[in-house]
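Coordinates in review
These are the residues of each chain, in order.
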Amino acid sequence: IEAEARTRISEAESLGALETLRVEYLGKQGSVSALLKTLGKMSPEERQEKAPKIQGLRQAVAGALADRKQAMEAAELEARLAAETLDLSLPEPAEPKGSVHPVSQVMDELAEIFADLGFAVATGPEIEDDWYNFTALNMPESHPARAMHDTFYFPDQAPKGGRMLLRTHTSPVQVRTMMAEGAPVRIIAPGRVYRSDSDATHTPMFHQIEGLVIDRDIHLGHLKWTLETFLKAFFERDDIVLRLRPSYFPFTEPSVEVDVGYSVEKGRRVVGGSGDAPGHAWMEVLGSGMVNRRVIEMSGLDPDEWQGFAFGTGVDRLAMLKYGMDDLRAFFDGDVRWMAHYGFSA
Ligand code: PHE
């Protein structure tokens, strides 16, 4: 029996097969157990002779089972360890990484440039009311300039009677900041604005950055210096030339539109040099002016004591100019290939 049991045990391929063998030999009905039971019916002499042999057989079979089981478990562990081996010298697989969007990048750059000039960052709501977006900026109900803004209005009246709308520019933040903080003021206000307009250079949602300085004895020279300093820092060039053109905004008086000189190199606009130089032209980059005294008044300050300047510019346009993009709509498609093409991938 022992030889046969050893062979069968050593050939068992699974723990299940081993258990079957254990029952077959050592279980209640097992063949070795049956032998043990015969001991009771033997004469003392016979029992003395056979008992050690049968006990020995039982122990031999039990031992073989235990050995085989241990060997199987060891082999299984070995296999698992082999399968789970980590090769720490393998280079990590190239995972695609996210990157900062050009608009966020430019907003960060602008915040940093203006922080160096002592400007804090202010914010206002994108859902505005008529009063902040228009009336307080010297555009009463019937003002024709309102029509130029292609405003998205909400259908319901606001509690105080004004209509709610998606702000068409960041200029309402001028009023909110003066009302909340008084004077002096030195802030920029970046954010989303909305106009019902869409083509290669217009999207219904775009980004502006507003600047506002209110203090005593502020004049146009401060505005010109600030814009020049900021544009040179932003485009990282010393040869930026500005052209200030008289213009009109209801909330500034006088109003000034600002152009920068540029040339076209390899099909791409490159800012720098006078727009009047050969091969150069002017491009409008922002609107600005001295804050209209009526706006200062409506914001709760005394216009005889406080004056200032304001400017507003399109962040997306600045990004296009600096990084060479030509279609504004692509900014908001969320296509990582477009980002990568313009160098915005990690
Ligand atoms: N709010 C104006 C616009 O959206 C820009 C501007 C801001 C002009 C501040 C003058 C002063 O066109």
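The numbering scheme is per chain: residues are counted from 1 as the chain's sequence reads. The model is predicted, so local features are restricted to residues of pLDDT at least 70 and side-chain atom pairs to those at 80 or more, both for listing and for counting; the totals for chains, interfaces and linings are taken over all residues. Computation of side-chain values: all heavy atoms of the structure, hydrogens and water removed.

Under an unreviewed UniProt entry, the name given to the protein chain is Phenylalanine--tRNA ligase alpha subunit, and the source organism is Altericroceibacterium spongiae. Recorded in UniProt under Subunit (unreviewed entry), the annotation for the protein chain is "Tetramer of two alpha and two beta subunits." Per its UniProt entry, the protein chain bears the Sequence similarities (unreviewed entry) comment "Belongs to the class-II aminoacyl-tRNA synthetase family. Phe-tRNA synthetase alpha subunit type 1 subfamily." UniProt positions are given in the numbering used here, feature names are shortened, and annotations may be inferred rather than shown by experiment.

1. What to know about the overall build of the protein chain
The helix and strand tally for the protein chain stands at eleven helices and eleven strands. Here the C-alpha atoms of the protein chain give a radius of gyration of 42 Å, more than 25% beyond the 20 Å that 2.2 N^0.38 yields for 346 residues. Projected onto its principal axes, the C-alpha positions of the protein chain cover 130 × 55 × 35 Å. Burial here depends on accessible area, computed with a 1.4 Å probe over protein chains only, as a share of the maximum for the residue type. Under 20% is buried, over 50% is exposed, and the range in between is partly exposed. Per-residue burial for the protein chain yields a buried fraction of 41% across its 346 residues. Helix and strand labels come from DSSP, where a helix needs a run of H or I of at least four residues and a strand needs a run of E of at least two; each type is numbered from the N terminus. Radius of gyration: over C-alpha atoms. The globule rule applied is 2.2 Å multiplied by the number of residues raised to the 0.38 power.

2. What about the site of the ligand?
Here a residue counts as near a molecule or strand whenever at least one of its heavy atoms sits within 4 Å of it. In the vicinity of the ligand, 14 residues are found, and the nearest of them are His 169, Ser 171, Arg 195, Gln 208 and Glu 210. At a separation of 2.9 Å, a nitrogen atom of the ligand approaches a polar side-chain atom of Ser 171. Distance and chemistry together define a polar contact, namely a pair of N or O atoms within 3.5 Å, with one atom able to donate a hydrogen and the other to accept it when in protein, and with adjacent residues in sequence counting only for side-chain atoms on both sides. Contact distances for the ligand include 3.0 Å between an oxygen atom and a side-chain N or O atom of Gln 208. Only the protein chains shown count as covering a residue, and every accessible area follows the Shrake-Rupley method with a 1.4 Å probe. Protein contact buries 90% of the 330 Å² of open area that the ligand shows by itself. The leading source of residues in the shell around the ligand is strand E11 (residues 307-314), at three residues. Its residues assigned to classes, the shell around the ligand comprises four nonpolar, eight polar and two charged. The nonpolar class holds Ala, Val, Leu, Ile, Met, Phe, Trp, Tyr, Cys and Pro. Asp, Glu, Lys and Arg form the charged class, and all remaining residues, Gly among them, are polar.

3. Comments concerning the UniProt feature "binding site: Mg(2+)" (unreviewed entry) in the protein chain
Sequence positions flagged by UniProt for "binding site: Mg(2+)" (unreviewed entry) are, in local numbering, Glu 253. Along the chain, the position of Glu 253 falls in strand E8 (residues 252-265). According to the relative accessible area criterion, Glu 253 is exposed, its value standing at 51%. In this view, Glu 253 contacts Met 290 and Asn 292; residues no more than four positions away in its chain are not counted. By definition in these notes, contact holds between two residues if any of their heavy atoms fall within 4.5 Å.

4. Some points on the packing of helix H8 (residues 220-235) against helix H10 (residues 315-323)
To define axes, lines are fitted to C-alpha atoms, for helices over the stretch in contact only, and angles between the resulting N-to-C directions are given on a 0 to 180 degree scale. Two elements in contact, H8 and H10, have axes whose closest approach is 10 Å; the angle formed by their N-to-C orientations is 50 degrees. The angle between H8 and H10 places the two elements in the oblique class. Residue-level contacts link Phe 230, Phe 234 and Phe 235 of H8 to Leu 318, Leu 321 and Lys 322 of H10. Split by residue class, the contact of H8 with H10 holds five nonpolar, no polar and one charged. Our angle categories are set so that under 35 degrees counts as roughly parallel, over 145 as roughly antiparallel, 65 to 115 as roughly perpendicular, and the remainder as oblique.

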